[in-house]
Amino acid sequence: MTNSSSSKSLRSQLWFDNASDIGMTAMYLERYFNFGLTPEELKSGRPIIGIAQSGSELSPCNFIHTQIVDRVRDGIRDGGGIPLVFPVHPIQETGRRPTAALDRNLAYLGLVEILHGYPFDGVVLTTGCDKTTPAAIMAATTVDLPAIVLSGGPMLDSYWRGQMSGSGTTHWAARKLHAKGEMDEADHIDMAIGQVPSTGHCNTMGTALTMNSLAEGLGLSLTGCASIPAPYRDRAAMAYKTGKQAVTMVHEDLRPTRILTKKAFENAIALNTVLGGSTNAQIHINAIARHAGIDIDITEWETHGYDLPLLVNLQPAGEYLGEAYHRAGGVPAVLWELDQAGKLHGDCVTCDGNSIGDRVAETSDRRVILSFDAPMKKQAGFIVMSGNLFDSAILKTSVIDEEFQKRFLEHPDHPGMFEGRVIVFEGSEDYHARINDPSLNIDETCILVIRQAGPVGWPGSAEVVNMQPPDYLLKQGVNSLPTLGDGRQSGTSGSPSILHVTPESAVGGPLALLQSNDKVRIDIPNRRVDLLVEETELEERRKSWTADMPDHQTPWQQLYREHVGPLSTGGCFDFATAYSNVRAAVPRNNH
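The rules behind these values
- Each chain carries its own residue numbering, running from 1 in the direction its sequence is written.
- For a predicted model such as this one, the threshold for reporting local features is a pLDDT of at least 70, and the threshold for listing and counting side-chain atom pairs is 80 or more; totals across whole chains, interfaces and linings nevertheless cover every residue.
- Hydrogens are left out, water is left out, and the side-chain values use all remaining heavy atoms of the structure.
- We count a stretch as a helix when DSSP gives it H or I for four or more residues in a row; a strand needs E for two or more, and each element gets its number in order from the N terminus.
- Restricting the calculation to C-alpha atoms gives the radius of gyration, and the globule rule supplies 2.2 Å times the number of residues raised to the power 0.38.
- Type-normalised accessible area, obtained with a 1.4 Å probe on protein chains alone, sets the label of each residue: buried when under 20%, exposed when over 50%, and partly exposed for intermediate values.
- Areas reported here follow the Shrake-Rupley algorithm with a probe of radius 1.4 Å; residue values treat only the protein chains shown as occluding.
- Pairing between two strands requires that DSSP report at least two bridges joining them.
- Here, axes are lines fitted to C-alpha atoms. For helices the fit covers the stretch in contact, and angles between N-to-C directions go from 0 to 180 degrees.
- What makes two residues a contact is simply this: any of their non-hydrogen atoms within 4.5 Å.
- Two rings from Phe, Tyr or Trp (for Trp, the six-membered ring) form a pair when their centres sit within 6.5 Å of each other. Planes less than 30 degrees apart are called stacked, planes more than 60 degrees apart edge-to-face, and all others tilted.
- Counted as salt bridges are all cases of a side-chain nitrogen of Lys or Arg within 4 Å of a carboxyl oxygen of Asp or Glu.
- Seen with its strands pointing away from the viewer, a crossover is right-handed when the path leading from the first strand over the helix to the second is clockwise.
- These descriptions rest on fixed angle ranges, namely under 35 degrees for roughly parallel, over 145 for roughly antiparallel, 65 to 115 for roughly perpendicular, and the rest for oblique.
- We call a crossing left-handed when the near helix sits turned anticlockwise from the far one by less than a right angle, and right-handed when that turn is clockwise.
- For this scheme, ten residues count as nonpolar: Ala, Val, Leu, Ile, Met, Phe, Trp, Tyr, Cys and Pro. Four count as charged, namely Asp, Glu, Lys and Arg, and the remainder, Gly too, count as polar.

Caption draft 1: Quick look at the overall build of the protein chain. Per the secondary structure count, the protein chain includes 22 helices and 14 strands. The C-alpha atoms of the protein chain give a radius of gyration of 24 Å, which matches the 25 Å a tight globule of 591 residues would have. Taking the principal axes of its C-alpha atoms as reference, the protein chain extends roughly 75 × 55 × 50 Å. Sorting the 591 residues of the protein chain into buried and exposed places 60% on the buried side. Here the protein chain displays about 22800 Å² of accessible surface, and carbon together with sulfur accounts for 49% of that area.

Caption draft 2: Up close: the sheet that holds strand β1 (residues 48-53). Taken in spatial order, the four strands make up an open sheet running β2-β1-β3-β4, and their pairing is parallel. Bordering the open sheet on either side are β2 (82-87) and β4 (147-151), each of which pairs with just one other strand. Taking the axes of each pair of neighbouring strands and ignoring which way they run, one obtains an average angle of 25 degrees across the sheet. For strand β3 (residues 122-127) and β4, the ladder comprises five bridges, and the chain directions are parallel. Within the sheet, the bridge partner assigned to T127 lies in β4 and is S151. In the packing of helix α6 (residues 132-143) onto the sheet, contacts are made with β3 and β4, and the angle to β3 comes to roughly 165 degrees.

Caption draft 3: Expanded view of the environment of V274. When you line up the elements, V274 lands in helix α12 (residues 262-275). Owing to a relative accessible area of 0%, V274 belongs among the buried residues under this scheme. A sequence separation of 34 residues divides V274 from Y240, and the C-alpha atoms of the two residues are 30 Å apart. If we ignore the near neighbours within four places in the chain, the residues touching V274 are L308, P309, L310, L311, V312, V334 and L338.

Caption draft 4: Local environment of the packing of aromatic side chains. Scanning the entire structure with this criterion turns up eleven aromatic pairs. Between F16 and Y32 the ring centres are 5.6 Å apart and the planes differ by 75 degrees, which places this aromatic pair in the edge-to-face class. Pair noted here: F16 is in helix α1 (residues 13-16) and Y32 is in the loop between α2 (22-30) and α3 (39-42), with a separation of 16 residues, a long-range link. Classification of Y32 by relative accessible area gives partly exposed; the value is 23%. Ring centres 5.5 Å apart and planes at 20 degrees place the aromatic pair W301 and F382 in the stacked group. Taken as a pair, W301 in helix α14 (residues 300-303) and F382 in strand β7 (residues 382-385) lie far apart in primary sequence, 81 residues in all. Accessibility assignment for this pair places W301 and F382 in one class, buried.

Caption draft 5: Up close: the environment of G55. Its location among the elements puts G55 in the loop between β1 and α4 (64-79). The spatial distance from the C-alpha of G55 to the C-alpha of D130 is 13 Å, given a sequence separation of 75 residues. Aside from chain neighbours lying at most four places away, what touches G55 is N62, F63, H65 and T66.

Caption draft 6: Main features of the pattern of salt bridges. Within the structure shown, the criterion is met by 33 salt bridges. A salt bridge links K43 to D17; its shortest N-O distance comes to 3.1 Å. A residue pair is termed long-range when its members are at least 10 positions apart, and K43 in the loop between α3 and β1 and D17 in the loop between α1 and α2 qualify at 26 residues. The partly exposed category is assigned to K43, whose relative accessible area is 39%. A salt bridge links K262 to E300; the shortest N-O distance between them is 3.4 Å.

Caption draft 7: Layout of the pairing of β2. For β1 and β2, the ladder comprises six bridges, and the chain directions are parallel. Directly across from I49, in β2, lies its bridge partner P83. At this point the chain moves from β1, through α4, to the parallel β2, and the crossover so formed is right-handed.

Caption draft 8: Structural view of the packing of helix α9 (residues 207-218) against α12. It is the contact of α9 with α12, at a shortest axis distance of 9 Å, that shows an interaxial angle of 140 degrees. Relative to α12, the element α9 lies oblique. Crossing handedness for the pair α9 and α12: right-handed. Across from T210, S213, L214, G217 and L218 in α9, the residues of α12 making contact are A264, F265, A268, L271, N272 and L275. When the residues that make up the contact of α9 with α12 are grouped by side-chain class, the tally is seven nonpolar, four polar and no charged.

Caption draft 9: View of unusual backbone geometry. At the junction of Q315 and P316, the peptide bond is cis and its omega measures out at 15 degrees in the coordinates. Counting through the fold element by element, P316 comes out in the loop between α14 and α15 (322-327). Backbone torsion omega between T502 and P503 reads 0 degrees, so that peptide bond is classified as cis. Position of P503 relative to the elements: it lies in the loop between β12 (498-502) and β13 (519-523). Phi at N441 is positive, roughly 55 degrees, even though this residue is not glycine. Residue placement: N441 occurs in the loop between α18 (428-434) and β10 (447-451). Owing to a relative accessible area of 51%, N441 belongs among the exposed residues under this scheme. Backbone geometry places N517, a non-glycine residue, at a positive phi of 80 degrees. Within the element layout of this structure, N517 appears in the loop between β12 and β13. Taking the relative accessible area as the measure of exposure, N517 reaches 47% and is therefore partly exposed.

Scope: geometric values only; no functional claims are made or implied.
Written out as structure tokens, the structure is:
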């Protein structure tokens, strides 16, 4: 029978020091001695702290954790705990096909099983590449063991021919230069390589730096953790402090559900805006909230985030990169601005037992972190769109540049609203094959649409909505067109796209009925996107529509597609969000 309670003060003692079942205690103990642990350690009553190791050669953005893991061990030991390192399922955005988004839920499920089934009292979550952060937090929250996030930190600042050239954003710039004929293939590759000067994740405010900043803003990391560049000595020091704090959290029973309150998530939404954070944050924060038992509707991203300014001058929305962000004060300095403006719930609890309001500190560099009185942009959050093409989608306003603003949003008779002829692509292969097809007659007023890119259709939801114009328009100086789709885009992209269209086309959402050369009206002030086609015509299209998705290529793809929810609610498995406080039910003995 499953034992749901115990008089033992530590969960691990049910494995390693259970006086009522010496036979099972002996079985659990013996194999852990074969690499040098002793009975005195495992029976000492000291907390067993897991180190969820996400670093590997398959996950280069997290590789730094393989180099600093011993400092985490040292911290746990000096804090009075026993460290046990274990691997988690790898996630690497730039290497995984068809998309690393498939792996977020897989890593989550695997980590839940590890934390539930093994003798852990607490865990250090090593994160870095964007989806490792939500996957780890989702799992620790479901199990509700004391957990603390140790991010790996951004790469050092990168340069191309003397100019700052941020990770991720460099790809989009290089593609345009190559398309214009201003760069050959060798320079294209060389420019891409130049954006990787060291270990660490993206040094831009892409999804990795966004999510690790939001983890700190939620209170799950120690003060200043998110911004320390991976190679800095301070990163190893932070690893030590994090390991030590993990033990304290066990003694204080400081679990994720005590930290992840509704107010904490509202702080994260506000923080994301002033950071110029990634659109992917909407998916991941909503997913974490659901696993914490907190309801965050997609509209709250506009309610709590839109009417806030852009304050952090980092690429892709700004100029600088990660080292400058760190030197300027990182997350504590950004939180200081929110606090001064009365936009921070300062009483939220953090992993060190103090409030988030105790962590704020004014910036030392106003070039990088601006004030509310002199922001880069006054209203910079996400807006939530709807209409007859979808129930919801988001638009990141902080990356709407002057060229785009003038061409599409400044008509004297209807500012913020425009109509355009759509060009529809069925996935990124179709886009790359046909974007330069002259028969499409793409001009500077067209809207590029990509579908079959959502969680079910891709599968996993791909970062493909940030499409660039055809080469001949780029050569004419048209650097961006409106783009819309049911997939995602890279957090490093500066494209003002309408993303995360729900319901997606693959499940029969109205986007599936769209045809090239249809007219679509985008009305930003009224948050509407509408297809200008008669309903009778749409009814005829519905009658002839049939689902057309790529075949499952692996068993996991089939399972994923059968259970994944929409991006608007976090791309979660609905059955998984029903589980909470998993640690309360002690698993049955194995013999």
